[in-house]
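Observations on chain architecture
For reference, the chains in residue letters:
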Amino acid sequence: ELLEHCLALEPSSTAVQFLQTKYYAFLGKDSIVREMLEYIVEREPDNEAYRDALVSHYISTDDTQAAISLYERAIDAAHSKSDIYRVLYNLYSKEGYHEKALEALDALAKLEGSSMDITLYKLQEYLYLGRNEEGVALVKQLIAENPDDIRCLNLLGETYNIIGEQELAEETFKQIIAEAPDNHM
């Protein structure tokens, strides 16, 4: 009743309509929620809260393509590009768009700098694409940047194992044992 009263006072209020979508979502009326959110986002395309709610709705109703499309259109105007690139990476990877997933990770790394997480995600995408040499090179770069972190060397051994390079994996694991005999990785 309160929402209806607010709409009667200000029928064009997207804020009230947005709150109304929560009510319809509670009732399980996904098609109404989608229609309303699309209308709201169309009226206020720069409102990130509305756009993010629509993307979340698309994802929750398994319309990944619509979520990707909306975020791809919104990336230039977004204030928080990192968040959008993270979501796009996840959506691309889920849909098997591994090249696009790598592009999203590269954009994220440009914004935030490289990190262990980004490197691990990139490795995963390289391996999905069968670009094993690039994956190995990425891990070797990680080792060069973190020479005292035995986990990076372990990742190289695991990567060799995954791509079927058993001799190189064994050599790497022997190196780990020699350098850190108390390590239980």
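Everything below is about the structure printed above this text.
First, a word on scope: everything that follows refers to the structure included in this document. These numbers come from a predicted model, not from an experiment.

Note that Ser-82 resides in helix α6 (residues 81–95). Note on Ser-82: relative accessible area 15%, which makes it buried. A polar contact is formed between the side chain of Ser-82 and the side chain of Glu-112, at a distance of 3.0 Å. Dropping the residues within four chain positions of it, Ser-82 is found in contact with Leu-108, Leu-111 and Glu-112.

On to a nonpolar patch on the surface, then. A surface patch of nonpolar side chains, about 370 Å² in accessible area, is lined by Tyr-23, Phe-26 and Leu-27. Its place among the elements puts Phe-26 in helix α2 (residues 14–26).

Taken as a whole and judged by the stated rule, the model has 11 salt bridges. The partner of Arg-34 in a salt bridge is Glu-38, and the shortest N-O contact between them spans 3.1 Å. Taken together, the residues Arg-34 and Glu-38, both in helix α3 (residues 30–43) and 4 residues apart, mark about one turn of the helix. We classify Glu-38 as partly exposed; its relative accessible area is 29%. A salt bridge links Arg-86 to Asp-83, with the nearest nitrogen and oxygen atoms 4.0 Å apart. Taken together, the residues span about one helical turn, with Arg-86 and Asp-83 both in helix α6 at a distance of 3 residues. Owing to a relative accessible area of 45%, Asp-83 belongs among the partly exposed residues under this scheme. Taken together, the salt bridges that share partners define one network made up of Arg-34, Glu-38 and Asp-63.

Over its 15 residues, α6 extends 21 Å from the first C-alpha to the last, a length consistent with the 21 Å expected when each residue adds 1.5 Å. Regarding α6, the residues found buried are Ser-82, Ile-84, Tyr-85, Leu-88, Tyr-89, Leu-91, Tyr-92 and Ser-93. Buried residues along α6 sit in contact with α4 (48–60), α5 (64–74), α7 (98–112) and α8 (116–128). Trailing α6 by a residue or two, Gly-96 shows a phi angle of about 85°, which is positive.

Mapping Gln-65 onto the fold places it in helix α5. A relative accessible area of 39% means that Gln-65 is categorised as partly exposed. In the structure, Gln-65 is positioned 103 residues away from Leu-168 in sequence and 40 Å away in space, judged by C-alpha atoms. When near neighbours in sequence (up to four residues on either side) are disregarded, Gln-65 contacts Glu-95 and Tyr-97. Only 2.8 Å separates the side chain of Gln-65 from the side chain of Tyr-97, close enough to count as a polar contact.

Cut-offs used in this document
Counting of residues starts from 1 at the beginning of each chain's written sequence and follows it residue by residue. Per-residue local features are limited, in this predicted model, to residues with pLDDT of at least 70; the limit for side-chain atom pairs, both in listing and counting, is 80 or more; totals at the level of whole chains, interfaces and linings are taken over all residues. Hydrogens and water are ignored here; the side-chain numbers use all heavy atoms of the structure. Labels follow the DSSP assignment, with helices taken as runs of H or I lasting at least four residues and strands as runs of E lasting at least two, numbered in each case from the N terminus. In this scheme, a residue with accessible area under 20% of its type's maximum is buried, one over 50% is exposed, and one in between is partly exposed, where area comes from a 1.4 Å probe on protein chains only. Polar contact is defined as a pair of N or O atoms within 3.5 Å, subject to the rule that within protein one atom must be able to donate a hydrogen and the other to accept it, and that residues adjacent in sequence are counted only when both atoms are side-chain atoms. Contacts are residue-level and defined by heavy atoms, with any inter-residue pair within 4.5 Å sufficient. Think of a patch as exposed residues, more than 30% relative accessible area, with no salt bridge, where like charges cluster within 9 Å and nonpolar side chains (Val, Leu, Ile, Met, Phe, Trp, Tyr) cluster within 5 Å. Using the Shrake-Rupley algorithm and a 1.4 Å probe, accessible areas are obtained, with residue cover drawn only from the displayed protein chains. Throughout this description, the term salt bridge denotes a Lys or Arg side-chain nitrogen within 4 Å of a carboxyl oxygen of Asp or Glu. Take the number of residues in a helix, subtract one, and multiply by 1.5 Å to get its expected span.

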